[in-house]
Structures are given as structure tokens and as C-alpha cells.
Amino acid sequence: MAVSRRRLFRAGQWIFAALVLFFAFTALAGQWNQVGARLLHIQFGWEHIAPATAVIFVTYALLIEGWRRILSGWDSHLAFRPAAR
């Protein structure tokens, strides 16, 4: 039975991801008391998160509009909403 390189690569990716998760879990399990104590004191700076989110959305909108203009240069027109999808 011949196994394609693509399937081997995909299997390797899954194995690598499983190993990363395993080692992360074992590292956290040994220090869970410290991790749990720090998680209780997390404070979100919403005054920074909200503008950063707005910048991300504006950046996506500019990328979408840039894509639409490239297509327009090739005599192909696409509305904003379908281009965003």
C-alpha cells in the first residue's frame, strides 16, 4: 500500500501538534498551583484592546478593498461583501 507524501506530511503535523500539546500540558500540570493563582489576577486593559481591535478591522477592510481594486484592474468586479467572504 503506497502512502503519499502528502498523507505522511499531514500525519507528521498531527504528531507534532500532539507532542506540543503533551509537553505544554505536562509543564503546566507540574506548576498548576502557580498558574491558577496568576490566572485569578489577570486584568484586561479594554482601553487598549478596543482600539487594537478597531485597527485590525480597518486593516482587513483595506486589504479587501485592495483586492477589489486589483480585480477591477483586470476588468473583474466584485462587491465588498462577497470579497470579504
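The sections below set out a description of the structure shown in this document. (Residues numbered from 1 in each chain as written. Predicted model: local features only at pLDDT ≥ 70, side-chain atom pairs only at ≥ 80, totals over all residues. Heavy atoms only, no water.)

Re the overall build of the protein chain
Per the secondary structure count, the protein chain includes 4 helices and 0 strands. Against the globule reference of 12 Å for 85 residues, the protein chain gives a C-alpha radius of gyration of 23 Å, more extended than a compact globule. Each principal axis of the C-alpha atoms in the protein chain carries an extent, and together these give about 60 × 55 × 15 Å. Considering the protein chain as a whole, with its 85 residues, one finds that 5% of them fall into the buried category. As displayed, the protein chain offers around 8,300 Å² of accessible surface, 67% of which is attributable to carbon and sulfur atoms. (Helix = DSSP H or I, 4+ residues; strand = E, 2+ residues; numbered from the N terminus. Rg over C-alpha atoms; globule rule 2.2 N^0.38 Å. Buried < 20%, exposed > 50% of the residue type's maximum accessible area, 1.4 Å probe, protein only. Areas by Shrake-Rupley, 256 points an atom, 1.4 Å probe, with all protein chains shown as cover.)

Focus: a nonpolar patch on the surface
A contiguous nonpolar patch, built from L28, W32, L39, I42, F44, W46 and I49 and spanning about 760 Å² of accessible area, is present on the exposed surface. Every element with two or more residues in the nonpolar patch is listed here: α2 (32-39) and α3 (46-73). (Patch = residues over 30% accessible without salt bridge, like charges linked within 9 Å, V, L, I, M, F, W, Y side chains within 5 Å. Salt bridge = Lys/Arg side-chain N within 4 Å of Asp/Glu carboxyl O.)

Describing the pattern of salt bridges
In total, this model carries 2 salt bridges according to the counting rule given. Among the ionic pairs, E65 bridges to R68, the shortest N-O distance being 2.7 Å. Of this pair, E65 and R68 both sit in helix α3, 3 residues apart, which is roughly one turn of that helix. The exposure class assigned to E65 is partly exposed, which follows from its relative accessible area of 24%. Among the ionic pairs, R69 bridges to E65, the shortest N-O distance being 3.1 Å. Of this pair, R69 and E65 are both found in helix α3, 4 residues apart, which corresponds to roughly one turn of the helix. A network of salt bridges, in which partner residues are shared, links E65, R68 and R69.

Details of α3
Under the 1.5 Å per step criterion, the end-to-end length of α3 is 40 Å for 28 residues, consistent within 8% with the ideal 40 Å. D75, located one to two residues past α3, shows a positive phi value of around 60 degrees. (Expected span 1.5 Å × (residues − 1).)

With respect to unusual backbone geometry
Phi at D75 takes a positive value of approximately 60 degrees, unusual for a residue other than glycine. Summarising the element assignment, D75 is placed in the loop between α3 and α4 (80-84). For D75, a relative accessible area of 68% corresponds to the exposed category.

Things to note about the packing of aromatic side chains
Going through the model one piece at a time under the given rule, you end up with 2 aromatic pairs. Here F44 and W46 contribute two aromatic rings whose centre-to-centre distance is 5.6 Å and whose plane-to-plane angle is 40 degrees, an arrangement assigned as tilted. W46 gets classed as exposed once you look at its relative accessible area, which sits at 56%. (Phe/Tyr/Trp six-rings, centres within 6.5 Å; stacked < 30°, edge-to-face > 60°.)

Note that every value here comes from positions in space, so none of it alone points to a role or purpose.
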